Amino acid sequence: MGSSWATIDIEQRVQEIYNEVVRKNPAEPEFHQAVREVFFSIIPLLKKNPIYLEEKLMERIVEPERQIVFRVPWVDDKGEIHVNRGFRIEFNSALGPYKGGLRFHPSVNFGVIKFLGFEQIFKNSLTDLPIGGAKGGADFDPKGKSDKEIMLFCQSFMTELYRHLGENTDVPAGDIGVGSREIGYLFGQYKRITNKFEAGVITGKGLRYGGSAVRTEATGYGLVFFVDEMLKTINETFEGKTCVVSGSGNVAIYTVEKIHQLGGKVIAVSDSDGYIYDKEGIDLDLLKQLKEVERRRIKDYIPYHKHAIYKPNGNIWEIPCDIALPCATQNELDENDAEMLVKNGVIAIAEGANMPCTPAAIRVFEKAKVLFGPGKAANGGGVATSALEMEQNAGKTRWDFEYTENKLKKIMQGIFRRCSQAAIEYGFPNNYIVGANIEGFKKVADAMIEQGIV
């Protein structure tokens, strides 16, 4: 059986499998993009180990184990009825219970959730923790809604989703549009329906009822820990570096915080309306007040710091910097942005969001030999700390901030090490995309082979 695969053109076979994915999943460009990156990155692995082709692992891994779509009706403050669409893609449980966030945003559709769930398989694999891959959400926009409206939506959403969840089955968390407020409403409804205080069924909870220290900070802190490891390979640190961070939500805020702690200076952040440039360094306390407490727009930074510049609809990547960290949304940084960053002397880029750099942008960075950290490795800190929250819930215990942050740092260092070693082993030193995809795929694929054709 193995000898027949030795004569096959593996690149051609991968292209055929990819073409079939596109045919079977039309009008899902984000999913196609994610699959293409993984498939063509793992060709060196397939050449060494044709068993993955023999066992049809690629065909199997792109098919979710379960896809759930449901109606979410709710009533606004004026008594008007609204109907949204909810999703949960339980993609792969080879390594553990399904694990992945919920996203509430108008852009959410089937293809977006599938791309996020597919990425989550490999991200979770890289953490070396016992969690499978999933993603979910709804095309609901929390922006401009009252707390009561958000509560009613979350309760309606969980009234359907609860039947698919369980601490050993599927454990969701937050994502864009789903923070501690939404998690609280979702957990409260789960508890009400099931009559169980099953703390490990959802992560990102408040500290008062089973949440983990560092969970709020985890994705941003983890991103900076990963970049710090990349910088060490060229004998550099964050000390004295100017940084640009897109976004101004949870990930961006705590990316800024950790960079400042390590001696770097973030000079720009953004939201969907524009960006703020503050050459003296972003005022983190003000940013937290505006975004986390008052839920205001980034332009409201200006009245407090007259020297800062607000550029509506501006392109944050035009600002010269040493380190660029896209932390907003998918495909926000394109080829032209990448060329501008390289021209302005950027030395490192890492993805705090999921797939924020287009394939063309990544090619520009690779050609320029700029350090690049892919999201499935660099932004794994959030799900890693979610798994730590699950561990604490299972043991009915709570760790302090310092202990938990240290565990997160070690996990991120481990992710970097595994990506780096895999890249070297398969002939692509310092290519962390190849390293992350090979290492992430191999662990899941080996587990699937051991568990049989299921």
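See the structure shown above.
Report follows, based on the coordinates. (Residues numbered from 1 in each chain as written. Predicted model: local features only at pLDDT ≥ 70, side-chain atom pairs only at ≥ 80, totals over all residues. Heavy atoms only, no water.)

## Some thoughts on the side chain of N393
Let me state the cut-off plainly: Counting from the N terminus, the helices are DSSP H or I runs at least four residues long and the strands are E runs at least two residues long. Counting of polar contacts relies on pairs of N or O atoms within 3.5 Å, with two restrictions inside protein: one atom must be capable of donating a hydrogen and the other of accepting it, and residues adjacent in sequence are counted only when both atoms are side-chain atoms. The contact definition used throughout considers only heavy atoms, calling two residues in contact when any of these lie within 4.5 Å.
The topology assignment puts N393 in helix α16 (residues 381-395). Here K205 takes part through its side chain, which lies 2.9 Å from a polar atom of the side chain of N393. Within the local environment of N393, its side chain forms a polar contact with the backbone oxygen of G210, the two atoms lying 2.9 Å apart. Setting aside anything within four residues of it in sequence, one finds N393 in contact with A199, G200, K205 and G210.

## Looking at the packing of helix α3 (residues 29-41) against helix α7 (residues 110-126)
Defined as follows: Angles run from 0 to 180 degrees between N-to-C directions of axes, and those axes are lines fitted to C-alpha atoms, restricted for helices to the stretch in contact. An angle below 35 degrees is treated as roughly parallel, one above 145 as roughly antiparallel, one from 65 to 115 as roughly perpendicular, and anything else as oblique.
Axis separation between α3 and α7 bottoms out at 7 Å; the angle between their running directions is 25°. Between α3 and α7, the crossing angle belongs to the class labelled roughly parallel. Contact residues: α3 offers E30, F31, A34, V35 and V38, while α7 offers G111, V112, K114, F115, F118, E119 and F122.

## A few points about the environment of F157
When you line up the elements, F157 lands in helix α8 (residues 147-161). For the pair F157 and W74, spaced 83 residues apart in sequence, the C-alpha separation works out to 8.9 Å. Not counting residues within four places of it along the chain, the set of residues in contact with F157 comprises F70, V72, G86, F87, L102, F104, G137, A138 and L186.

## Regarding the layout of surface pockets
Here is the rule we go by: In this analysis, the protein atoms alone were mapped onto a 1 Å grid. Cavities are point sets where a 1.4 Å probe fits without being able to get out; pockets are open sets with protein on both sides within 12 Å along at least five of seven lines; lining residues have an atom within 4 Å of a point. Grid points are joined across faces, edges and corners, and a volume is the space filled by probe spheres set on the points. Only Asp, Glu, Lys and Arg are considered charged, only Ala, Val, Leu, Ile, Met, Phe, Trp, Tyr, Cys and Pro nonpolar, and every remaining residue, Gly among them, polar.
If you add up the space inside the second largest pocket, you get close to 480 Å³. Lining the second largest pocket are 18 residues; nearest its centre among them are E37, S41, P359, R363 and I433. Elements with a contribution of two residues or more to the lining of the second largest pocket: α3, α4 (43-48), α14 (359-367) and α18 (432-450). Per element, the largest residue contribution to the lining of the second largest pocket is five residues, and it comes from α3. Across the lining of the second largest pocket, the residue classes tally to ten nonpolar, four polar and four charged.

## Concerning the pairing of strand β1 (residues 66-75)
The test is simple: Whether two strands pair comes down to DSSP finding at least two bridges between them.
The sheet contact formed by β1 and strand β2 (residues 81-92) spans ten bridges and is antiparallel. Across the sheet, W74 pairs through a bridge with H82, a residue of β2. With antiparallel pairing between neighbouring strands as the criterion, β1 and β2 make up a hairpin whose turn holds five residues, including G79 at a positive phi of roughly 85°.

## Some remarks on the pattern of salt bridges
Threshold: For salt bridges, the criterion is a side-chain nitrogen of Lys or Arg within 4 Å of an Asp or Glu carboxyl oxygen. Only protein chains enter the accessibility calculation, which uses a 1.4 Å probe; a residue is then buried when its area is under 20% of its type maximum, exposed when over 50%, and partly exposed in between.
Summed over all chains, the structure comprises 28 salt bridges. Ionic pairing is found between E182 and R181, a salt bridge with its closest N-O pair at 3.0 Å. Take E182 and R181: they sit in the same class, and that class is buried. In the salt-bridge network here, residues are joined through shared partners; they are D271, D273, K291 and R297.

## A word on the nonpolar core
Definition in use: The term nonpolar core refers to a set of buried residues drawn from Ala, Val, Leu, Ile, Met, Phe, Trp, Tyr and Cys, joined through side-chain atoms within 4.5 Å.
If you look at the biggest cluster of nonpolar residues, it comprises 57 residues, and the most contacted ones within it are V227, V245 and L325. Top element by residues in this core is helix α10 (residues 218-232). It accounts for nine residues. Apart from residues no more than four positions distant in its own chain, V245 is found in contact with A252, T255, V256, I259, V266, A268, V269, S270, I316, L325 and C327. With 43 residues, the next largest nonpolar core counts F31, F39, L46 and I438 among its residues.

## Thoughts on the pairing of strand β6 (residues 242-245)
Selection rule: Note on handedness: a crossover is taken as right-handed if, strands pointing away from the viewer, the path from the first strand over the helix to the second is clockwise.
Where β6 meets strand β7 (residues 265-271), three bridges bridge the pair, whose relative direction is parallel. Looking at β7, one finds that V244 is bridged to A268. Running through helix α11 (residues 250-261), the crossover from β6 to the neighbouring parallel element β7 is right-handed.

## Notes on the sheet that holds β6
Taken together, the seven strands give an open sheet; going across it, the order is β9-β8-β7-β6-β10-β11-β12, and neighbouring strands pair in mixed fashion. Looking at the sheet topology across the chains shown, the edges are occupied by β9 (309-312) and β12 (371-373). Within this sheet the neighbouring strands show an average axis-to-axis angle of 15°, counted without direction. Across three bridges, the pairing between strand β11 (residues 348-350) and β12 is parallel. From the neighbouring strand, A348 faces β12, where its bridge partner is L371.

## As for α8
As a reminder of what qualifies: In a helix, the anticipated span is given by 1.5 Å times the number of residues less one.
With 15 residues, α8 ought to run about 21 Å at 1.5 Å a step, and its terminal C-alpha atoms sit 21 Å apart, in line with that. For α8, the set of buried residues is E149, I150, F153, C154, S156, F157, M158 and L161. Contacts made by the buried residues of α8 are with β1, β2, β3 (98-104), β4 (133-138) and α9 (180-194).

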